[in-house]
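One-letter residues, chain by chain:
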Amino acid sequence: MQKMLIRGLGFAAAAVVTVSGATLSYLYLRKPEMAPPLSIRVEMTPERIARGKYVYALADCDGCHSERDFSRLAGPVMESGRGKGVVFPPELGLPGRIVASNITTDRETGLGAWTDGEKIRAVREGISRDGRALFPLMPYENYRHMSDEDVFSLVAYLNTLPPIRHRLPKSEVKLPASLLMKDLPRPVRNVPQPDRSDPVRYGEYLATVGVCADCHTQRERGSPKPGMRFAGGERFHFGFATVVSSNITPDEKTGIGRWSERAFLARFYAYRDYAQKGSPQAGPQSFTLMPWLALSQLPPEDLRAIYAYLRAQPPVFNPVTTHPRPGAEPL
Ligand code: HEC
Ligand code: HEC
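Predicted model only: the values in this text are computed from it and were never measured.

## Concerning the site of ligand 2
In the vicinity of ligand 2 there are 23 residues, among which Cys212, Cys215, His216, Thr288 and Met290 approach most closely. Contact distances for ligand 2 include 2.8 Å between a nitrogen atom and a side-chain N or O atom of His216. In the environment of ligand 2, an oxygen atom lies 3.0 Å from a nitrogen or oxygen atom belonging to the side chain of Arg267. Contributions of two or more residues to the shell around ligand 2 are made by helix H9 (212-216), strand S8 (242-244), helix H10 (261-269) and helix H12 (292-295). Here the residues of the shell around ligand 2 sort into 15 nonpolar, six polar and two charged.

Put into structure tokens, the structure is as follows:
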């Protein structure tokens, strides 16, 4: 049984870069841009917690921070391992030992002793409690667009996760990624609620918080390939299986150009029963990192907005085989 999660391996980060010695020591001593955490306590109302559970699903926090059972269709989260943290396996080729933290309420090994402001800062600004920059596999560059209301709700929900005592090693990011990533954090204040009256703009908000482009855009040396946004083709390779992200541009032949809105919603809602009742056993040929179970929880108006946003993107011709036959393609 494969139990682990991964996603977003494409972030393999700024791989090959040459820097001079002087630049290197400057980069080494430099601190990331940061502001003190907000001094607030989020209200723990049922509405906030419910909204936070939704934001947690949309943003796929489980995707990296929870133990998952990939012997079942779409890799459901193991309830006993929700938020307990994951050490990413070396085969993913990340620059160093990258560890998705324990985000449960355990006081010693999780976020239990953090203030709400510190949690908000980590999620939106990429700064850990001790002031270090977080490795950007944690998608704070997307989450910085999360509205204040949504991040408060998210934190209210995080505060309800049952504590799991699970001590993990710290991430150790190799040079030069460890230096370059210090450029990424930045303070975030006053993000308004998204405008829901315009489906395309609302869809953009949801797709940003849902980090769709990161998985659905092919990378070359750690950077998204120009002109290929949403055109898929990014490979996620594990020892036991490989999956390639789909083309979700409106291209008629190779993307979702011929999909009706109804078909788009149906594709997600096909997983609703599995999300509720549990997924059947499935072999490596159906392995996927697409967060179907989490995204099947989105209300129809949100999926419609995402559809409207995707349809407004430029079509890109790019045929993709999402589940290549084992051995059919090189690594
Ligand atoms: C694509 C993978 C990925 C996703 C999705 C993700 N995280 Fe993370 N997260 C990480 C990694 C990896 C780290 C550790 C980075 C490091 O150590 O530099 C991290 C760090 C954190 C931290 C900081 C913990 C610490 O000890 O500094 C918090 C808090 C956190 N994540 C919460 C969340 C929440 C909440 C979500 C969903 C909104 C989320 N993460 C989604 C990968 C992810
Ligand atoms: C962690 C990576 C990841 C994230 C995040 C992700 N996807 Fe995917 N997605 C995939 C992969 C891999 C596939 C292909 C395998 C499959 O169909 O399960 C896929 C398939 C799809 C498909 C099916 C396309 C087809 O031709 O059958 C749609 C639609 C889709 N994704 C939309 C989205 C949207 C919208 C978002 C953001 C809300 C999103 N994805 C986020 C990895 C991801």
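Still more ground to cover, so stick around.
## Focus: the coordination of the iron atom of ligand 1
For the iron atom of ligand 1, the full set of protein donor atoms is His65 (NE2) and Met138 (SD), at a range of 2.0 to 2.2 Å. Geometry at the iron atom of ligand 1 is octahedral, judged from its six donor atoms and the angles of 87 to 179 degrees they form at the metal. Here His65 is found in helix H3 (residues 61-65), whereas its partner Met138 is found in the loop between helix H4 (116-125) and helix H5 (140-143), with 73 residues between them in sequence.

## Comments concerning the site of ligand 1
The local shell around ligand 1 holds 27 residues, among which Cys61, Cys64, His65, Ser128 and Met138 are the closest. Ser128 is positioned such that a nitrogen or oxygen atom in its side chain is 2.6 Å from an oxygen atom of ligand 1. In the environment of ligand 1, an oxygen atom lies 2.8 Å from a nitrogen or oxygen atom belonging to the backbone of Phe135. Those elements that provide at least two residues to the shell around ligand 1 are H3, strand S3 (99-100), H4 and helix H6 (148-158). The residue inventory of the shell around ligand 1, partitioned by class, reads 20 nonpolar, four polar and three charged.

## Section: the nonpolar core
Within the largest apolar cluster, 52 residues are counted, with the highest numbers of intra-cluster contacts made by Tyr56, Met146, Leu206, Phe264 and Leu310. Here the element with the most residues in this core is H6; it accounts for seven residues. Ignoring sequence-local partners within four residues, the contact set of Leu206 consists of Tyr54, Leu58, Asp302, Ala305 and Ile306. Ranked by size, the runner-up nonpolar core spans 19 residues in total, among them Leu92, Leu94, Phe236 and Ala241.

## Quick notes on the packing of H4 against H6
H6 packs onto H4 with a crossing angle of 120 degrees between their chain directions and a minimal axis gap of 10 Å. Comparing the axis directions of H4 and H6 gives the class oblique. As for the relative orientation of H4 and H6, their crossing is right-handed in sense. Note on element contacts: H6 touches H4 through Asp148, Val151, Phe152, Leu154 and Val155, opposite Asp116, Lys119, Ile120, Val123 and Arg124. Grouping the amino acids of the contact of H4 with H6 by side-chain chemistry returns six nonpolar, no polar and four charged.

What counts, and where the lines are drawn
- Position numbers for residues count from 1 along each chain, tracking the sequence in the order it is written.
- By the order in which they are written, chains take letters starting at A while ligands take numbers starting at 1.
- Local features in this predicted model are restricted to residues whose pLDDT is 70 or higher, and side-chain atom pairs enter the listing and the counts only when it is 80 or higher, whereas totals over whole chains, interfaces and linings include all residues.
- To obtain the side-chain values, all non-hydrogen atoms of the structure were included, while hydrogens and water were left out.
- We call a residue near a molecule or strand as soon as one heavy atom of that residue lies within 4 Å of the molecule or strand.
- Polar contacts, as counted here, are pairs of nitrogen or oxygen atoms within 3.5 Å of one another; within protein the pair requires one atom able to donate a hydrogen and one able to accept it, and residues that are adjacent in sequence qualify only if both atoms are side-chain atoms.
- Every helix listed is a DSSP run of H or I at least four residues long, and every strand listed is a run of E at least two residues long, numbered separately from the N terminus.
- Here the term charged refers only to Asp, Glu, Lys and Arg, the term nonpolar to Ala, Val, Leu, Ile, Met, Phe, Trp, Tyr, Cys and Pro, and the term polar to all other amino acids, Gly among them.
- Each metal site lists N, O and S donors within 2.8 Å (3.2 Å for Na, K and Ca). With water left out of the atoms, a site can look as if it is missing ligands.
- The geometry test gives tetrahedral to four donors whose angles all lie between 85 and 135 degrees, gives square planar to four donors and octahedral to six donors whose opposite members are over 155 degrees apart with all other angles between 65 and 115, and gives irregular to the rest.
- Side-chain atoms within 4.5 Å are what join buried Ala, Val, Leu, Ile, Met, Phe, Trp, Tyr and Cys residues into a set we call a nonpolar core.
- Each residue's exposure class comes from its accessible area (1.4 Å probe, protein chains only) as a fraction of the maximum for that residue type: buried when under 20%, exposed when over 50%, partly exposed otherwise.
- Contact definition: two residues touch when any of their heavy atoms are within 4.5 Å.
- Throughout, an axis means a line fitted to C-alpha atoms (over the contacting stretch in the case of helices), and angles, computed between N-to-C directions, take values from 0 to 180 degrees.
- Each angle gets one of four labels, with under 35 degrees taken as roughly parallel, over 145 as roughly antiparallel, 65 to 115 as roughly perpendicular, and the rest as oblique.
- In a left-handed crossing the near helix is turned counterclockwise from the far helix by less than a right angle, and in a right-handed crossing that turn is clockwise.

So yeah, pure geometry; function would need other evidence.
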